[in-house]
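For reference, the chains in residue letters:
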Amino acid sequence: MAFTRATGKHRRPSRITRTTKSAAGVAALTTTGVIGTLAAPAFAADTAVQQTGLTQAITIGDTVAEQIDAQAAAQQHAAEEAAALKKAEEAARQRALAEVKEERAAKARAARAAERKLLNTFVAPIAGSYVSTGYKTGGSLWSSGSHTGVDFHAASGTVVHAVGAGTVVTTGWGGAYGNQVVIKMHDGTYTMYGHLSSISVTEGQTVTPGQQIALSGSTGNTTGPHLHFEARTTAEYGSDIDPVSYLRSHGVSL
């Protein structure tokens, strides 16, 4: 009885066919770059082993997968480091902005405090002097019948100071007062300085406490050099208030 050779799909491929397919698969992987990074000598050593094409392809695939995983992990780590660095830089920038903002706010607060202190500071019109003639002293020397201010002892040419912060509203000749300066104070009251030998300020000028505004003298109706000082509710004559009480109420010791 004669036997026929098996054919068709049940026929086992020959060794040559399997080897050719394995080589073709490797070549395809190499062309696409999947195993392009594999060392050629190592690959040659692997292919020298008499294995099926299927086994060789699986071995190469595992190696490539490990390399891809390692590369992905490195890239992920680099991305995380970059993100952390960016976050740290942004936090540092925000801290710097906050510090600048706080510094500006502190300077603004200090400036406001200094301004308030300046506005509330008062000094005597003549440093180291004393009142030689008091307020409301009577006598024929005054046209109103009494003294409308106080006199501070001062030799001619003594520096006269603004007693507080304000704006100059009047300068020049004032009749019986001689050369005079009238200042509107920051609180709405007025101060007047009379019998001056010279004037150092002009109308509309702002002054600060202790600023020189004139030199004392004996101009106008006077018996000798001194400073006539008045505190008023308006800029005009006749609105006078007690100048000693006025200065003391603002912290000036007389």
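Residues numbered from 1 in each chain as written. Predicted model: local features only at pLDDT ≥ 70, side-chain atom pairs only at ≥ 80, totals over all residues. Heavy atoms only, no water.

Now, about the overall build of the protein chain: what can you tell me, with residues and values included?
In terms of helices and strands, the protein chain carries four helices and 10 strands. Mapped in sequence order, the helices and strands of the protein chain form the string α-α-α-β-β-β-β-β-β-β-β-β-β-α. The buried share of the protein chain, reckoned over its 254 residues, is 26%. Put simply, 58% of the contacts in the protein chain that link residues at least 6 apart link residues at least 24 apart. Accessible area of the protein chain: about 15700 Å², with a carbon and sulfur share of 58%. (Helix = DSSP H or I, 4+ residues; strand = E, 2+ residues; numbered from the N terminus. Buried < 20%, exposed > 50% of the residue type's maximum accessible area, 1.4 Å probe, protein only. Contact = heavy atoms within 4.5 Å. Areas by Shrake-Rupley, 256 points an atom, 1.4 Å probe, with all protein chains shown as cover.)

With reference to specific residues and values, describe the pattern of salt bridges.
Overall, the coordinates contain five salt bridges when judged by the stated rule. Between E90 and R93 there is a salt bridge, with the nearest N and O atoms lying 2.9 Å from each other. With E90 and R93 both in helix α3 (residues 53-119), this residue pair falls three residues apart, about one helical turn. A residue is classified by how much of its surface remains accessible, and R93, at 43% relative accessible area, is partly exposed. R109 is paired through a salt bridge with E102; the nearest N and O atoms lie 2.9 Å apart. Classification of R109 by relative accessible area gives partly exposed; the value is 41%. (Salt bridge = Lys/Arg side-chain N within 4 Å of Asp/Glu carboxyl O.)

Go over unusual backbone geometry with me, naming the residues and quoting the values.
Positioned with a positive phi, K136 is a non-glycine residue whose angle comes to about 70°. Phi at H195 is positive, roughly 65°, even though this residue is not glycine. By secondary structure assignment, the location of H195 is in strand β6 (residues 190-199). On the accessibility criterion, H195 (5% relative accessible area) is buried.

Hey, could you go over the packing of aromatic side chains for me, with residue numbers and the actual values?
If you walk through the whole model with that rule in mind, you get four aromatic pairs. Ring centres of F152 and F229 lie 6.3 Å apart, and the angle between their planes is 70°; on these two criteria the pair is classed as edge-to-face. Taken together, the positions of F152 in strand β2 (residues 150-152) and F229 in strand β9 (residues 227-232) put the pair 77 residues apart, joining distant regions of the chain. Owing to a relative accessible area of 1%, F152 belongs among the buried residues under this scheme. (Phe/Tyr/Trp six-rings, centres within 6.5 Å; stacked < 30°, edge-to-face > 60°.)

With reference to specific residues and values, describe the environment of V160.
By the element assignment, V160 lies in strand β3 (residues 159-161). With relative accessibility at 0%, the residue V160 sits in the buried group.

I'd like to hear about the confidence of the model for the protein chain, residue by residue, with values.
In this model, the protein chain carries a mean pLDDT of 82, and residues with pLDDT of at least 70 account for 74%. In this model, residues 1-10 is a region of pLDDT below 50 whose contacts with residues beyond four sequence positions or in other chains number two contacts. Low pLDDT, under 50, characterises residues 15-50; the predicted model gives this stretch 22 contacts beyond four residues in sequence or across chains. (pLDDT = per-residue confidence, 0-100.)

Any details on the environment of F122? Residues and values, ideally.
Assignment of secondary structure puts F122 in the loop between α3 and β1 (131-133). As a C-alpha pair, F122 and A165 span 43 residues in sequence and 7.9 Å in three-dimensional space. Excluding residues that lie within four positions of it along the chain, F122 makes contacts with V163, G164, M185, H186, Y246, H250 and V252.

So what's going on with the pairing of β9? Which residues, and what values?
Taken across its six residues, β9 has six buried, putting it largely inside the fold. Of the two faces of β9, both are covered, the one formed by L227, F229 and A231 as well as the one formed by H228, E230 and R232. Of the pairings in the sheet, the one linking β2 to β9 comprises three bridges and is antiparallel in character. Bridge assignment links F152 to a residue of β9, and that residue is L227. Pairing of β6 with β9 involves five bridges; the strand directions are antiparallel. Bridge pairing in β9 places T191 opposite A231. As judged from the two bridges shared by β9 and strand β10 (residues 240-241), these two strands associate in the antiparallel manner. Among the inter-strand pairings, A231 is bridged to a residue of β10, identified as I241. (Pairing = 2+ DSSP bridges.)

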